[in-house]
Amino acid sequence: MMLGLVVTFWATPRMSVGHLFFAVAATGYIAVGIRFEERDLRAHLPVVYDEYARDVPALVPAVRSRGAHRGVRS
């Protein structure tokens, strides 16, 4: 969701100074928000969130490489 917002901020055919300022500020706001959100999740759900973070890419959804989680829990 956050990646989609950042792409939306930066995807424009003409970048005015005002839009550039908005895109930089909004991207920074999202980056700071992600840090706070992750910190809170680790504090409230340490084991569950650690497993989730290990299995799911942080910002950019990507195809997992060899040895990645395949839906089988040990």
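Attention in this report is confined to the structure presented alongside it.

Calculation notes
Residues numbered from 1 in each chain as written. Predicted model: local features only at pLDDT ≥ 70, side-chain atom pairs only at ≥ 80, totals over all residues. Heavy atoms only, no water. Salt bridge = Lys/Arg side-chain N within 4 Å of Asp/Glu carboxyl O. Buried < 20%, exposed > 50% of the residue type's maximum accessible area, 1.4 Å probe, protein only.

1. Some words on the pattern of salt bridges
(1) Moving on: Counting across every chain of the model gives four salt bridges.
(2) Moving on: The partner of Arg 54 in a salt bridge is Asp 55, with the nearest N and O atoms 3.9 Å apart.
(3) Moving on: With a relative accessible area of 56%, Arg 54 lands in the exposed category.
(4) Moving on: Accessibility expressed as a relative area gives 18% for Asp 55, which makes it buried.
(5) Moving on: In this structure, a network of salt bridges that share partners links the residues Glu 38, Arg 42 and Asp 50.

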